[in-house]
Amino acid sequence: MVTLEGRGLLAARVVCGLSALSLLVWTFHGVNFAKVRESVAGVGALGLLLIAVPQLLSLFVECVGWGHVFERLGQPVAMKPLLRVRLMTEAVAQTLPFGVIWSESLKPLLLGRHTGMPTSRAVAGIVTRKYLLMSSQAVYVALLSACGFATLLRLSFAFTGHAGFAYAAFGISALLCLLAFAVGGAFARGRIGDRALALLSTLGSARFQQRLRQHQACFSDTDTLTERYFTASFARHTLRPGLFFLCAWLCESLESYLILHLLGSPLDFFAVASVEVLLSFLKNVLFVLPAGIGIQDVGYVSCLSALGVPDALTVGAAFSALKRGKELFWAATGYLLLAFEARPALAAAATATAPQNEVLTA
């Protein structure tokens, strides 16, 4: 039986999928696909291999920073399980509508399974990771927008006729910075876990309330861990791990520059990076669309045209094809790992049902 909530979620997924598809069709309806295939083929096997590297490097560097977080939380974690968890959850985040929500829900379970980490410490690590993502993205946006400010000015005049758009990136950076400090301050002294427990205690059935009481200590432990982390010195809880998260963001710009360079684009690194920081922000805000599909494609084609890149529509279509192909490759890797993850559970379920089947047969 399909519940009302289930129908609503299915409807939301369908709407998001149709919206993304409509944006793609509208953007590339006049493209010459023969020229796009020729451009993609010209990249070559070595080029395709190079394009796949920055995302893996980004995940690896981020995991180094995340490892520092868990060390500060009292549980050092090896790199291999952290990278495995990130590959699996990134696959979900990149391919499903509202994928970020599903991937965050999976992280405590996967961290517990692969590292033996208690839920309270896993949740505390996820909270601090979000804080570090926001604070490092604020620096990333401000730094690369400043370096590529001339490009932003050109885009601003091309799209709006004045320079105001070029300064929007610094407004985004300031907003991210404020959000990051708000999150850090709230978890340092706000006892967010206890407040969430109090709110949840007013909802749900008696069975739900009983399960909440069983996990009450987990909420309190999470508050204790986050408070300890965020009341440490700024250098320890932000600067040291944040540097690795910043490098992970830089890998995104490196990836886009590499793809465009292989396609023969004349744009330099900072020109590409200044566009990438804004589009990556939009992708994160519009998380209902898997991997920002449609939004990033429209954005890159529009920016390439405004910057005078020859045959911008073909280059933009080839860029999207290579970028989406790379995302599908790493998503397939993540889902393959998830499939191996599910095998023990499926085997246990089969074992449990086997005796029942034998009884029924008898």
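In what follows, the structure referred to is the one given above.
Residues numbered from 1 in each chain as written. Predicted model: local features only at pLDDT ≥ 70, side-chain atom pairs only at ≥ 80, totals over all residues. Heavy atoms only, no water.

Caption draft 1: Expanded view of the packing of helix 5 (residues 119-147) against helix 11 (residues 234-262). At a closest axis distance of 8 Å, the pairing of helix 5 and helix 11 adopts a crossing angle of 60°. Classified by the interaxial angle, the pair formed by helix 5 and helix 11 is oblique. Seen from above, helix 5 lies across helix 11 with right-handed handedness. From helix 5, Arg129, Tyr131, Leu132, Leu133, Ser135, Ser136, Gln137, Val139, Tyr140 and Leu144 reach across to helix 11, where they touch Phe234, His237, Thr238, Pro241, Gly242, Phe245, Leu246, Trp249, Leu250, Glu252 and Ser253. Here the contact of helix 5 with helix 11 is composed, by residue class, of twelve nonpolar, seven polar and two charged. (Axes fitted to C-alpha atoms, helices over the stretch in contact; angles between N-to-C directions. Helix = DSSP H or I, 4+ residues; strand = E, 2+ residues; numbered from the N terminus. Parallel < 35°, antiparallel > 145°, perpendicular 65-115°, else oblique. Left-handed = near helix turned anticlockwise from the far one by under 90°. Contact = heavy atoms within 4.5 Å. Nonpolar A, V, L, I, M, F, W, Y, C, P; charged D, E, K, R; others polar.)

Caption draft 2: Spotlight on the pattern of salt bridges. With the rule as written, the count across this model stands at twelve salt bridges. As a salt-bridge pair, Lys35 and Asp311 come within 2.7 Å of each other at their nearest N and O atoms. Pair noted here: Lys35 is in helix 2 (residues 33-72) and Asp311 is in the loop between helix 13 (295-306) and helix 14 (312-361), with a separation of 276 residues, a long-range link. Take Lys35: its relative accessible area is 36%, and that puts it in the partly exposed class. Where salt bridges share partners, they join Glu62, Arg86, Glu90, Glu104, Lys107, Arg129 and Lys130 into one cluster. (Salt bridge = Lys/Arg side-chain N within 4 Å of Asp/Glu carboxyl O. Buried < 20%, exposed > 50% of the residue type's maximum accessible area, 1.4 Å probe, protein only.)

Caption draft 3: Region of the structure containing empty space enclosed by the protein. Summed over all chains, the structure comprises two cavities of 30 Å³ or more. In this structure, the largest cavity occupies an estimated 40 Å³ of space. Every residue lining the largest cavity is listed: Gln55, Leu59, Arg86, Leu87, Glu90, Ala91, Gln94, Glu327, Trp330 and Ala331. Among the secondary structure elements, those contributing two or more residues to the lining of the largest cavity are helix 2, helix 3 (79-95) and helix 14. Examining the composition of the lining of the largest cavity, we find that five residues originate from one element, helix 3, more than from any other. Looking at the lining of the largest cavity residue by residue, the class counts come to five nonpolar, two polar and three charged. Size it by volume and the second largest cavity reaches roughly 40 Å³. Every residue along the wall of the second largest cavity is listed here: Gln296, Asp297, Tyr300, Phe319, Ser320, Lys323 and Arg324. (1 Å grid on protein atoms, 1.4 Å probe; cavity = no way out; pocket = protein on both sides within 12 Å on 5 of 7 lines; lining within 4 Å. Points joined across faces, edges and corners; volume = space filled by probe spheres on them.)

Caption draft 4: Representation of the packing of aromatic side chains. On inspection of all chains with the given rule, the structure shows twelve aromatic pairs. Here the aromatic rings of Phe149 and Phe170 are separated by 6.0 Å at their centres, their planes lie at 50°, and the arrangement is tilted. Of the two residues, Phe149 sits in helix 6 (residues 149-160) while Phe170 sits in helix 7 (residues 168-189), which places them 21 residues apart along the sequence. In this structure Phe170 comes out as partly exposed when scored by relative accessible area, which is 29%. On the basis of an interplanar angle of 85° and a centroid distance of 6.3 Å, the ring pair of Phe159 and Phe165 is categorised as edge-to-face. Taking relative accessible area as the criterion, Phe165 reaches 31% and is therefore assigned partly exposed. Taken together, the ring pairs connect Tyr131, Tyr229 and Phe230 into an aromatic cluster. Across the ring face of Trp66, the terminal group of Arg129 is positioned such that the distance to the ring centre comes to 5.7 Å. (Phe/Tyr/Trp six-rings, centres within 6.5 Å; stacked < 30°, edge-to-face > 60°. Lys NZ or Arg CZ within 6 Å of the ring centre and 35° of its normal.)

Caption draft 5: Broad picture of the nonpolar core. Counting residues in hydrophobic clusters, the biggest one holds 50 residues, and the most contacted among them are Trp66, Phe70 and Leu111. No other element matches the twelve residues that helix 5 contributes to this core. With sequence-adjacent residues up to four places away left out, Trp66 is seen in contact with Leu82, Arg86, Lys107, Leu111, Gly125, Ile126, Arg129 and Phe245. Membership of the second largest hydrophobic core comes to 26 residues, among which are Leu260, Leu267, Phe319 and Leu322. (Core = buried A, V, L, I, M, F, W, Y, C linked by side-chain atoms within 4.5 Å.)

Caption draft 6: Spatial organisation of the layout of surface pockets. Quantified by volume, the second largest pocket comes out at close to 530 Å³. If you trace the second largest pocket, you find 18 residues lining it, with Thr119, Val123, Cys218, Phe219 and Thr222 closest to the centre. Contributions of two or more residues to the lining of the second largest pocket are made by helix 5, helix 7, helix 8 (192-200), helix 9 (206-214) and helix 10 (216-230). In terms of residue count, the dominant contributor to the lining of the second largest pocket is helix 5 (five residues). For the lining of the second largest pocket, the residue count by class is eleven nonpolar, four polar and three charged.

Caption draft 7: Summary view of the side chain of Asp223. With respect to the secondary-structure elements, Asp223 resides in helix 10. Separated by 3.2 Å, the side chain of Asp223 and the backbone nitrogen of Ile192 make a polar contact. Sequence-distant contacts of Asp223, defined by excluding residues within four places in its chain, comprise Arg191, Ile192, Gly193 and Asp194. (Polar contact = N/O pair within 3.5 Å; in protein donor to acceptor, adjacent residues only side chain to side chain.)

Caption draft 8: Broad picture of a positive patch on the surface. A contiguous patch of positive charge, built from Arg72, Arg228, Arg236 and Arg240, is present on the exposed surface. As for its position among the elements, Arg72 is in helix 2. (Patch = residues over 30% accessible without salt bridge, like charges linked within 9 Å, V, L, I, M, F, W, Y side chains within 5 Å. Areas by Shrake-Rupley, 256 points an atom, 1.4 Å probe, with all protein chains shown as cover. Lys, Arg positive; Asp, Glu negative; His and termini not counted. Charge placed at Lys NZ, Arg CZ, Asp CG, Glu CD.)

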